[in-house]
Amino acid sequence: MPSNVIQWFPGHMAKAKRQMEENLKKVDFIIEIRDARMPYSSKNPLIDEMVHQKPRLVILSKKDKADPKRSEQWIQAMNNEQTRAIAIDLIHDNFRSRIIQESLELNRAFIEKQKKRGIRPRALRAMIVGIPNVGKSTLINSLAKRKAAQTGDKPGVTKSLQWIKVGPELEVLDTPGVLWPKFESQQSGLILAALGSIKDDVVHMDDLALYCCQYLMDHQPEALLQTYGLSKLEETPWQTLQAIARKRGWLLKGDIDENRTMRTFIQDIRSSKLGRITWEIPTSEQEEIGA
Ligand SMILES: Nc1nc2c(ncn2[C@@H]2O[C@H](COP(=O)(O)OP(=O)(O)OP(=O)(O)O)[C@@H](O)[C@H]2O)c(=O)[nH]1
Ligand SMILES: [Mg+2]
């Protein structure tokens, strides 16, 4: 990954982190959204450090675009005492009661403690966090049943925090915490870029196309064969892409149009033309850092 990619966010970083730390003090738990197609790379590397011991509900968004089997594996890998993970299609699913139920479950100890002390349990408070483009605003607006996110958020003006009542049991902050994704490995950078979470101008389309083609050849060859009507895979990703280009007629004066091939292949991936694909598999190392 070229180092300039890492510098995509620096202006916001310190401020975003400070603001988030302030807001975190006011909540009982956090709702962390990650992209179900890349649960590892769409995680913020500082989140564990900032959240400390707070319970966490991880929402794997864009479930409709991810491989259901892999989503299930990720959920299993992430679930533990402090963390519950669920996969949601934020556009089509009806998830309000599910989120309330999971939140109550996750905060059961806290609720029990209040009851024992004779305090009537108040609504749980959560903050929604996630890297750009994972669906934070979609979730907040849907929970609020109105356009709540991104209102009245003028820089430099101190305003009291707005809470959105999801139900008598749950309130969420109307401003999401936006943080940068995991850029730590070259692989994460490629996946984030291929799925459109890093601007195209800092990466090379052919790096993305070759990486994605290799991944599919290794893990989901049938997606390539079926989508492009190939009878077999070639030996290398570039040869496979050339075969796809010939099938599709991505040619220039009778030769393979390389630019068009790389670009169109990545567009096909972004628009889910190759089906529901998850670009990361939980490994023991990722499980550890993943939750
Ligand atoms: N297919 C699908 N699309 C989704 C889902 N959730 C969000 N989107 C789309 O993803 C895009 C980004 O969603 P937003 O809610 O704006 O994401 P955000 O996290 O608020 O993004 P920033 O404000 O840029 O940080 C929008 O085009 C949404 O319609 C989902 O579960 N499935
Ligand atoms: Mg938003």
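Being a predicted model, the structure only gives us computed values, none of them experimental.

Q: Would you explain the environment of Val-166 in this entry?
A: Looking at the element boundaries, Val-166 is found in strand 5 (residues 163-167). Looking at Val-166, the relative accessible area reads 6%, which means it is buried. Sequence separation between Val-166 and Ala-144 is 22 residues, and the spatial gap between their C-alpha atoms is 6.5 Å.

Q: When you look at helix 9 (residues 205-219) in this model, what are you seeing that I'm missing?
A: The terminal C-alpha atoms of helix 9, which comprises 15 residues, lie 21 Å apart, in line with the 21 Å expected from a rise of 1.5 Å per residue. Buried residues of helix 9: Met-205, Leu-208, Ala-209, Cys-212, Cys-213, Tyr-215, Leu-216 and Met-217, and no others. Contact partners of the buried residues in helix 9: helix 4 (68-78), helix 8 (186-194), helix 10 (221-228), helix 11 (237-248) and helix 12 (258-270).

Q: So what exactly am I meant to see when it comes to unusual backbone geometry here?
A: Most of the time, phi is negative for any residue but glycine, and the peptide bond is trans. Positive phi values are uncommon outside glycine, yet Lys-62 reaches one of about 60°. With respect to the secondary-structure elements, Lys-62 resides in the loop between strand 2 (56-61) and helix 4. One non-glycine residue, Lys-253, adopts positive backbone phi at about 50°. Relative to the assigned elements, Lys-253 resides in the loop between strand 8 (251-252) and strand 9 (255-256). Accessibility expressed as a relative area gives 85% for Lys-253, which makes it exposed.

Q: What exactly am I supposed to notice about the site of ligand 1 here?
A: Around ligand 1, the structure places 14 residues, and the nearest of them are Asp-64, Leu-90, Lys-136, Ser-137 and Thr-138. In this structure, an oxygen atom belonging to ligand 1 sits 2.6 Å away from a main-chain N or O atom of Leu-90. With respect to ligand 1, the backbone of Gly-135 contributes an N or O atom lying 3.0 Å from an oxygen atom. Protein chains bury 69% of the 660 Å² of accessible surface belonging to ligand 1 in isolation. Residues belonging to the shell around ligand 1 are distributed by class as follows: five nonpolar, four polar and five charged.

Q: Mind showing me how you'd approach the packing of helix 9 against helix 12 here?
A: Geometry of a packed helix pair, given as the angle between the helix axes and the separation of the axes. Put simply, helix 9 and helix 12 touch, their axes get as near as 9 Å, and they point 55° apart. In terms of orientation, helix 9 and helix 12 fall into the oblique class. Here helix 9 and helix 12 pass one another in a crossing that is left-handed. Contacts between helix 9 and helix 12 involve Met-205, Asp-206, Leu-208, Ala-209, Leu-210, Cys-212, Cys-213 and Leu-216 from the former and Met-262, Arg-263, Phe-265, Ile-266, Ile-269 and Arg-270 from the latter. Classifying every residue of the contact of helix 9 with helix 12 gives eleven nonpolar, no polar and three charged.

Q: Is there a simple way to think about the pairing of strand 2 in this case?
A: It is a general feature of regular strands that their side chains alternate between the two faces of the sheet. Most of strand 2 sits inside the fold, with six of its six residues counted as buried. By the alternation rule, side chains of strand 2 split into Arg-56, Val-58 and Leu-60 and Leu-57, Ile-59 and Ser-61, which are all buried. Note that strand 1 (residues 29-35) and strand 2 share six bridges and pair parallel. Among the inter-strand pairings, Asp-35 is bridged to a residue of strand 2, identified as Ser-61. Read as a crossover between parallel neighbours, the route from strand 2 over helix 4 to strand 3 (residues 83-87) is right-handed.

About the cut-offs
Residues numbered from 1 in each chain as written. Chains lettered and ligands numbered in written order. Predicted model: local features only at pLDDT ≥ 70, side-chain atom pairs only at ≥ 80, totals over all residues. Heavy atoms only, no water. Helix = DSSP H or I, 4+ residues; strand = E, 2+ residues; numbered from the N terminus. Buried < 20%, exposed > 50% of the residue type's maximum accessible area, 1.4 Å probe, protein only. Expected span 1.5 Å × (residues − 1). Contact = heavy atoms within 4.5 Å. Near = heavy atom within 4 Å. Polar contact = N/O pair within 3.5 Å; in protein donor to acceptor, adjacent residues only side chain to side chain. Areas by Shrake-Rupley, 256 points an atom, 1.4 Å probe, with all protein chains shown as cover. Nonpolar A, V, L, I, M, F, W, Y, C, P; charged D, E, K, R; others polar. Axes fitted to C-alpha atoms, helices over the stretch in contact; angles between N-to-C directions. Parallel < 35°, antiparallel > 145°, perpendicular 65-115°, else oblique. Left-handed = near helix turned anticlockwise from the far one by under 90°. Pairing = 2+ DSSP bridges. Right-handed = clockwise from strand over helix to strand, strands pointing away.

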